[in-house]
Each structure stands twice: as structure tokens, then as C-alpha cells.
2 protein chains.
Amino acid sequence: MADPSVLVQSLTPAAIDAAYVLIQPYVHRTPLLTCQTLNTIASAPQSPETLAGTPSEGQTPANPTFRFFFKCENYQRIGAFKARGAFHALLRLIAERGKEEVQKRGVITHSSGNHAQALALAASTLGVPAYIIMPSISTPSKIAGTQSHGAEVIFSGSTSVEREAVVAEVQAKTGAILVPPYDDFNIICGQGTSALELEAQYQALLKEEPQLSLHPEGNALDAVITPIGGGGLNAGVATFFSDKTTKVFGAEPSLEGGDDCRRGLDAGERVPAVSTLTIADGLRTPVGLLNWEVISDRNKVAGVYAVTEEQIKAAMRLVLERMKVMIEPSAVVGLAVCLYNEEFRRLVEKEASQGWDVGIVFSGGNTTVEAIGKLFS
Amino acid sequence: MADPSVLVQSLTPAAIDAAYVLIQPYVHRTPLLTCQTLNTIASAPQSPETLAGTPSEGQTPANPTFRFFFKCENYQRIGAFKARGAFHALLRLIAERGKEEVQKRGVITHSSGNHAQALALAASTLGVPAYIIMPSISTPSKIAGTQSHGAEVIFSGSTSVEREAVVAEVQAKTGAILVPPYDDFNIICGQGTSALELEAQYQALLKEEPQLSLHPEGNALDAVITPIGGGGLNAGVATFFSDKTTKVFGAEPSLEGGDDCRRGLDAGERVPAVSTLTIADGLRTPVGLLNWEVISDRNKVAGVYAVTEEQIKAAMRLVLERMKVMIEPSAVVGLAVCLYNEEFRRLVEKEASQGWDVGIVFSGGNTTVEAIGKLFS
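Residues numbered from 1 in each chain as written. Chains lettered and ligands numbered in written order. Predicted model: local features only at pLDDT ≥ 70, side-chain atom pairs only at ≥ 80, totals over all residues. Heavy atoms only, no water.

**Considering the overall build of chain A**
Step number 1: A tally of helices and strands in chain A yields 16 helices and 10 strands.
Step number 2: In summary, chain A has a C-alpha radius of gyration of 20 Å against a globular reference of 21 Å for 377 residues, a match within 12%.
Step number 3: When the 377 residues of chain A are sorted by exposure, 59% land in the buried category.
Step number 4: Partitioning the contacts of chain A with sequence separation of at least 6, the portion at a separation of at least 24 is 73%.
Step number 5: For chain A, the exposed surface amounts to about 14800 Å²; the carbon and sulfur share of it is 51%.
Step number 6: Here chain A contributes 31 positive and 40 negative side-chain charges, whose respective centroids are spaced 4 Å apart. (Helix = DSSP H or I, 4+ residues; strand = E, 2+ residues; numbered from the N terminus. Rg over C-alpha atoms; globule rule 2.2 N^0.38 Å. Buried < 20%, exposed > 50% of the residue type's maximum accessible area, 1.4 Å probe, protein only. Contact = heavy atoms within 4.5 Å. Areas by Shrake-Rupley, 256 points an atom, 1.4 Å probe, with all protein chains shown as cover. Lys, Arg positive; Asp, Glu negative; His and termini not counted. Charge placed at Lys NZ, Arg CZ, Asp CG, Glu CD.)

Spelled out as C-alpha cells, the structure:
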């Protein structure tokens, strides 16, 4: 990768616009949903008992006002926003190197999650061979899911050393081009297109139903919040909004230091490694180098907040039971921050007596009924 | 109730249109969704092994073609189509007896399910007291849900004799007017408005995206299928389509004779009582008298099909995991018939080589993460 501190200068709203032109024929324009019940719940103070044992114990609970606009990337192709980045990275490769070369060499990545399926789908759609390196201990459903999109799954050990050895081996044999899951210019631009749609859909919705906003006289979104794992989604969204008034926030799980990005911002330095078994399994990775360049820029990302496992589960229950939308635990951390993080809620209360219109990116919906059963048993 | 065989003559498409005018300001126009994955799965033959031990064992599996259009009443107010009937019944009462009388007397029903919450919501919206008689063994979340809409919950024993005694007692004291859950002219008309929207949304969708239909040259829905519990939804939908080419079907759980309507059609006589603990808990009731008049009319309902508990669970898994939509088990029996009932699938294969565009009513989404955990543990 080129020097991230240089590369970041090319991450502009125009780069997101250009990515959108390229990927639009291949991805879904996912719906923007609202939910009065969740607005009501989030716009009431938490009970003082809920705050017992937290840093906010004994303080008057914050009393912010929210109107939520949910960008439902769980309805994206392969069930997650990752389809945007994968299609964009592959279309750029083809544009830069020619279809013939890319089809001959193929693409490769290591992932056991949504990026693997996304790249497999993009590759099969564009007639490119895909090699996906997965730990041999991956769940059979994920292996089958990736294979069902026509990719060749190759197994490795589960450490990064073992994984990278297999990648190098397959690359040596095939010449396959690496498409990284998040720490990559084209991936970031692809994920950022979710923000472009979100903004346009918010404006269109308020033309029809201005009463859904706290600013019926017309306005921009006050804020957008997304999960941060590797940081591709958050960096892309922040890039899109970097020339607008909308503030961008990130959300992470706090379990076992899973809030590496938040801790890095506190310390003034990226945390390069993280080891957490949070239920938000898409967010177990440390934030990438290029992503860090964006997210640590206070002009682009206004803050990163963390939530506990219990808060993630509580938010997930509300989305499943009240909103009737199926999301994976990673997808709900942004909503959990709005509902339960007192520091964030105090900020919203303080910044605007009128309250905030907040865009929340539901990043994906790839979970199983068995996994839900285990979470809530 | 007036003589059902006379009353049924007034159940016309015009009665549904009139109901819609009345309730439109109070209910959601729920979305009509499509899902390519479910079309693909339903349009492939079942494996011969799947048919082992069923009446279709040894036969060549049917090979029908489906395009589904899901009317998502799980996104209706209170999470189920019941809001339509409850608002309609109450608005009619007010139109007929005057607001003052209805507000003074109040309304009453016995239900532990979605009708209780629907009537509670309609009553509080229209400023009418509501008395809901619930068995004292009802789950706390259902009691709280009903109370949260401002209704007075009064407990009874769980047999119908005990329940009706409490209803009579409260009526004697208050003069409250009974709003039955399904066996009622105005309830049927209210539920039928879901079909009116479904048909209009199907036509509007195909103008935008004709390729979603098997009949891109323009057509009506070939069929609509809904769950049958008390039969209000199915009778209302069948009434709306009674002057159109669209065929209407019903779906029931087969466990412990839960397919009372299907059995009644076989025997030529309504089955008046049923006792089943099917997971499709909204469908444990026998079909009502007036509803039976509609459903047993072959010109209105083309057939009723049953599915097993395992088939309901398999369909529910697909909707949750692949379509990412939260539905309750009762909501999915229509889809389960299309996916797994060989008799129905053979019918579709035989009737149309081109296949069928089928409207499927997802009737509700009121379940819990714990209930899902239990179903799939």
C-alpha cells in the first residue's frame, strides 16, 4: 500500500461519487427505514438504576431527542455492505489492468466473514476466478455460502502467519491479485457509497413526510453513526460527509478491548492488534492504517463510542422484536450507542435542544436462528 | 350475529373499498417485498428424500415456478394485520351509534393475542375505553403490551366458559360493546383491505420493474395465499378478489388437527372445535361461522392446504436468515405451502407452464428472541 498519510488526500467526496457510478448496476439501493417505537425509546432518559455501576452512576440521566433513519445494508446483496467495496475494488482492477489480465489472474483474499462472500459474488458476476483463504475451523455454513457464489475456498490454519503463507502460495501459483477486506482505498470508496444513498434517501423521504424529521423546515442529517471493525465503512461514510455539516461517529464493542479505535483516539496512536471474542464478530479486527488516517481526523469523525455486550444484545432485541428487522450483532452497535451510551446521549442533549436526526447504518444481517437462540438463551 | 348465510351476501369488494376509506388514516400501508433467493428455492423441485414418508413418496417431485410478492403485515401497527379489522370495527361502531355512546360504554374483547393489542390501540386512538379479558396465565409481555396501549386488562380463567363469564360481568357493569376477533362482518372487511393494497402495490411495482413478474406483458396476480386461524384475514382477502381472476388459497398447520378448515372442506362441514399446540399459535382457533361461509365457497377460495411443524420452521428460517425479515410462525404457513406442500406445487406446475405470480400475506411479526431460540434449539 502507498503511504496512508499521502493516500488519504485522495479520499474525497468526489471519489465516492465516482465509485457509485461504477457499482450502481451491481448493488442494491437498500431501503432507508424509520421506526417510531425506537425514536420514542431513545428519546426517554434511561432509568437511574440502569446507570448503577457505570461511570454515570449518580448523575441525572441524559435526556436527548432522536429521530432515526436506518440505512438497511442487511438488505444489501450477500446481506452486508461489503458487496459495495468488493464490486468497486474489482471493477477498478478491471478498469486499470484490463478485463483479460484480471480474468486470467483472478483475485484472492483471506476472510471468514462477509468480505469473502462479497468478493466471491463480485468475481463470479464479472467472470473472474476468486480464491478465498479461510481457516479450516470456519463454520460449514460460511464455507458453503462462499462456495455457493462460485469461489474456490482454500483452507489454512487460523493464525495470521499461517493464513498469509497460504495466500502467498496461491498467489505464486496463480498470480491472483489481493483484494484486502478493509484497509484499501477502493474498498473505502465503495463502502462510502452507502452514505451517498443514505443522504439522498433522507432528503427524498422528508419531501414526502417532513414530520419524520426534527427539522421539518428542511435540513441535513445532524449525524450518522456506523460500526467500526476494520474501519472501511466508517472511513468511507466520513469521507462522503467530509464537506457537509453532518457529523460522523463510530461505534465499537468494549469487550476485551474491542474498542481499539476509541482507545487509539484517547492515546493519540492507532492500536495495531486486538483480541476480543465480542458477539459483534464482524468488529473483532483492529482498525486499518488508511482507515485510521480518516477516522483520527477530528474534522472527519467527531468521535467513537463503545457499548457493552449486554447493550448490544438489548439493542438487537429491540430491532428484532419491535422493528421486525433481522440484523447481526455487529450491525446494531451504532443504535446501541444512541440508546445506552450516556456520554454520547449527553452530547446530543447538550448540542441541540431540538434533538438530532441521526442516520444509523445497519451494516449486515448475516446470522442464524441458532446464533440468536444462543445469544438469548 | 345475523344469519351468516345471509350476512355473507353483503361481503363484496365494494365493502372492502368502503372499509379502506375509513381506516386509511389509521393504518400503515405496509411494504410489498420480493426476494430472489426465495423465488429460486421455491422454483426448484424438492429432493426425493424430502418426500420419503409423505403421501408423495416415490413420485417425481413437482417442478413449479414461483414469483413471490410478500405483503408484510408484520410491519403493520401493533405488528400484525389485526390493526385493520380493529380500527374498522370501532370506526363503524362510532359511525353507527355515535361517538358519545361508544366513548361512554367502551369496547370489550377476550383475546391473549394480536387482536387484544389491536383493539387496545384503536380504542386509545379514538378515545374509547377498552376492556380486554385475558387468561391470568397469559405471558407477562402480552399483558404489558396490551396495557401499554392504554387498555384495562381484566383476568379470567383460561376456559371459554370462565372467559365469557368475565366478559358478561364487565359488560353488565359498563355496557361495553363486544368486538369479536374474527367472526364478524366489519372485522372481515377490515382485514380484506390488506388485499386491496397488495393488488395495487403489485401493479405499481410491475410498472417500475416488469421483470419481477412471470408475466412481464402485464397481468393480475395468479394467486394469493394467507394463513387461516379464525379465518378473518382469508375471508377478507377472498372477498376482495371475488370479482377478479386472482385465485385465493388458505394455509394451516396440520399438527393435532390444526387444519380444521381443510378438514371441514373435505367433510363438507365446518369443524367447530380444535385443540392443537402448533407453533403457529395464532392459528389454533377453529374457523368462524361467517368466515366459513366465505372460505367454503369454491368461487371465492380455491383451496386450503396444510403444512407440518417442521415445514413451518424451515420456511421461518429462510425468511429470517435469507430475507432478513422478522415474522411469527403463524405468518409463514402460506410460504411453507408454496415451498413444501407437494399437492399445491403439483397444482401450480399443472395450471401454468409459465408459473405463478403469488401474493403471500405475512400476517404478523410478534414473537420474541427467546421464542426463536426455543424453536431452533
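**Side note on the environment of A:Tyr75**
Step number 1: Summarising the element assignment, A:Tyr75 is placed in the loop between strand E2 (66-72) and helix H4 (82-97).
Step number 2: On a C-alpha basis, the gap between A:Tyr75 and A:Phe362 in space is 9.2 Å, while along the polypeptide they are 287 residues apart.
Step number 3: Filtering out sequence-adjacent residues up to four positions away, A:Tyr75 remains in contact with A:His28, A:Thr30, A:Pro31, A:Val325, B:Tyr75, B:Met323, B:Lys324 and B:Val325.
Step number 4: Side chain to side chain, A:Tyr75 and B:Tyr75 meet in a polar contact 3.5 Å long. (Polar contact = N/O pair within 3.5 Å; in protein donor to acceptor, adjacent residues only side chain to side chain.)

**Overview of the relation of the copies chain B and chain A**
Step number 1: Rotating chain B by 180° and translating it 0.0 Å along the rotation axis places it on chain A, where the RMSD comes to 0.0 Å. Viewed as a symmetry operation, the transformation between the two copies matches a two-fold axis. Considering only C-alpha atoms, the part of chain B nearest the rotation axis is B:Gly373, at 1.7 Å.
Step number 2: The share of interface residues of chain B whose copies in chain A are also at the interface is 100%, consistent with both copies meeting through the same surface. (Least-squares fit on C-alpha atoms with pLDDT ≥ 70 in both.)

**A closer look at the interface of chain B and chain A**
Step number 1: At the junction of the two partners, chain B supplies 19 residues and chain A supplies 19 residues.
Step number 2: Together, the buried faces of chain B and chain A total about 1600 Å²; carbon and sulfur atoms form 59% of this surface.
Step number 3: The largest share of the area that chain B buries against chain A comes from B:Lys324, B:Met326 and B:Val369, three residues that together contribute 41% of it.
Step number 4: For the interface between chain B and chain A, the tally reads 2 salt bridges.
Step number 5: One salt bridge in this structure joins B:Glu370 and A:Arg317, with 2.5 Å as the shortest N-O distance.
Step number 6: Linking chain B to chain A there are 13 residue pairs in polar contact (both at pLDDT 80 or more).
Step number 7: Of all the secondary-structure elements, those providing two or more residues to the side of chain B that touches chain A are helix H14 (309-321) and helix H17 (369-375) of chain B.
Step number 8: Here the side of chain B that touches chain A is built from residues that sort into 8 nonpolar, 7 polar and 4 charged. (Buried area = accessible area lost by both parts, 1.4 Å probe. Salt bridge = Lys/Arg side-chain N within 4 Å of Asp/Glu carboxyl O. Nonpolar A, V, L, I, M, F, W, Y, C, P; charged D, E, K, R; others polar.)

**A short note on the domain arrangement of chain A**
Residue and element names in this part refer to chain A.
Step number 1: For chain A, the assigned domains read domain 1 (4-80 + 184-375) and domain 2 (82-178).
Step number 2: Relative placement of domain 1 and domain 2: their C-alpha centres are 27 Å apart.
Step number 3: Listed per partner, the contact involves 26 residues of domain 1 and 19 residues of domain 2.
Step number 4: Here domain 1 packs against domain 2, burying approximately 1800 Å² in sum over the two surfaces, 62% of which is carbon and sulfur.
Step number 5: Contact with domain 2 buries surface across domain 1, with Tyr26, Ile78 and Asn186 losing the most and accounting together for 34% of the total. (Domains from an automatic or database assignment.)

**A word on the sheet that holds strand E7 (residues 223-227) of chain B**
Residue and element names in this part refer to chain B.
Step number 1: With mixed pairing, 6 strands are arranged side by side in an open sheet as E1-E2-E10-E7-E8-E9. Edge positions in the sheet fall to strand E1 (32-33) and strand E9 (303-307), since each has one partner strand and no second.
Step number 2: Judged from the 3 bridges that link them, E7 and strand E10 (residues 356-362) form a sheet pairing that is parallel. Directly across from Ala223, in E10, lies its bridge partner Val358.
Step number 3: The sheet strands contacting helix H11 (residues 232-240) are E7, strand E8 (247-253) and E10, and the helix crosses E7 at an angle near 160°.
Step number 4: Of the strands in this sheet, E8 and E9 touch helix H12 (residues 260-267), which is tilted by about 130° from E9. (Pairing = 2+ DSSP bridges. Axes fitted to C-alpha atoms, helices over the stretch in contact; angles between N-to-C directions.)

**Some remarks on the nonpolar core**
Step number 1: Ranked by size, the top nonpolar core spans 96 residues in total, and within it A:Leu335 and B:Leu335 carry the most contacts.
Step number 2: When residues no more than four places from it in sequence are discounted, the contact partners of B:Leu335 are B:Leu38, B:Phe68, B:Phe70, B:Ala315, B:Val319, B:Ile360 and B:Phe362.
Step number 3: B:Ala130, B:Phe240, B:Val294 and B:Val304 belong to the second-largest nonpolar core, a separate cluster that totals 69 residues. (Core = buried A, V, L, I, M, F, W, Y, C linked by side-chain atoms within 4.5 Å.)

**Side note on the packing of helix H2 (residues 13-23) of chain B against helix H5 (residues 82-97) of chain B**
Residues and elements named next belong to chain B.
Step number 1: Two numbers describe how H2 lies on H5: the axes approach to 9 Å, and their chain directions differ by 85°. On the basis of their axis angle, the class for H2 and H5 is roughly perpendicular. Contact residues: H2 offers Ala18, Ala19, Tyr20, Leu22 and Ile23, while H5 offers Arg84, Phe87, His88, Leu91 and Arg92.
Step number 2: Grouping the constituent residues of the contact of H2 with H5 by class yields 7 nonpolar, 1 polar and 2 charged. (Parallel < 35°, antiparallel > 145°, perpendicular 65-115°, else oblique.)

**Considerations on the sheet that holds strand E4 (residues 130-135) of chain A**
All names here are of chain A.
Step number 1: Reading across the sheet, the 4 strands line up as E5-E4-E3-E6 and stay open at both edges, with parallel pairing between neighbours. Each having just a single partner strand, strand E5 (152-156) and strand E6 (177-178) make up the two edges of the open sheet.
Step number 2: Pairing of strand E3 (residues 107-110) with E6 involves 2 bridges; the strand directions are parallel. Bridge assignment links Ile108 to a residue of E6, and that residue is Leu178.

**A short note on the UniProt feature "domain: Tryptophan synthase beta chain-like PALP" (unreviewed entry) in chain A**
Step number 1: The UniProt entry lists residues 57-364 of chain A under the feature "domain: Tryptophan synthase beta chain-like PALP" (unreviewed entry), expressed in the numbering used here.
Step number 2: Its end C-alpha atoms 33 Å apart, residues 57-364 of chain A is made of 45% helix and 16% strand. (UniProt positions renumbered as here; feature names shortened; annotations may be inferred.)

**Comments concerning the packing of aromatic side chains**
Step number 1: The full count for this structure, using the stated rule, is 24 aromatic pairs over all chains.
Step number 2: An angle of 15° between the planes, with centres 6.5 Å apart, marks the rings of B:Phe66 and B:Phe344 as stacked. Linking B:Phe66 in strand E2 (residues 66-72) with B:Phe344 in helix H16 (residues 342-351), this pair joins segments that are 278 residues apart in sequence.
Step number 3: Plain terms: the ring middles of B:Phe249 and B:Tyr305 are 6.1 Å apart, the flat faces sit at 50° to each other, and that makes the pair tilted. With B:Phe249 in strand E8 and B:Tyr305 in strand E9, the pair connects residues that are 56 residues apart, well separated along the chain.
Step number 4: Owing to a relative accessible area of 2%, B:Phe249 belongs among the buried residues under this scheme.
Step number 5: Put simply, the rings of A:Phe66, A:Phe68, A:Phe70, A:Phe249, A:Tyr305, A:Phe344, A:Trp356 and A:Phe362 pair up and form one aromatic cluster.
Step number 6: The ring of A:Phe240 carries the charged tip of A:Lys244 above its face, separated from the ring centre by 3.8 Å. (Phe/Tyr/Trp six-rings, centres within 6.5 Å; stacked < 30°, edge-to-face > 60°. Lys NZ or Arg CZ within 6 Å of the ring centre and 35° of its normal.)

**Remarks on the pattern of salt bridges**
Step number 1: Considering all chains together, one arrives at 28 salt bridges over all chains under this definition.
Step number 2: In this structure, A:Glu73 engages A:Arg84 in a salt bridge whose closest nitrogen and oxygen atoms are separated by 2.7 Å. With A:Glu73 in the loop between E2 and H4 and A:Arg84 in helix H4, the pair connects residues that are 11 residues apart, well separated along the chain.
Step number 3: As a salt-bridge pair, B:Asp259 and B:Arg263 come within 3.5 Å of each other at their nearest N and O atoms.
Step number 4: Within the structure, one salt-bridge network assembled from shared partners comprises A:Lys71, A:Glu73, A:Arg84 and A:Glu197.

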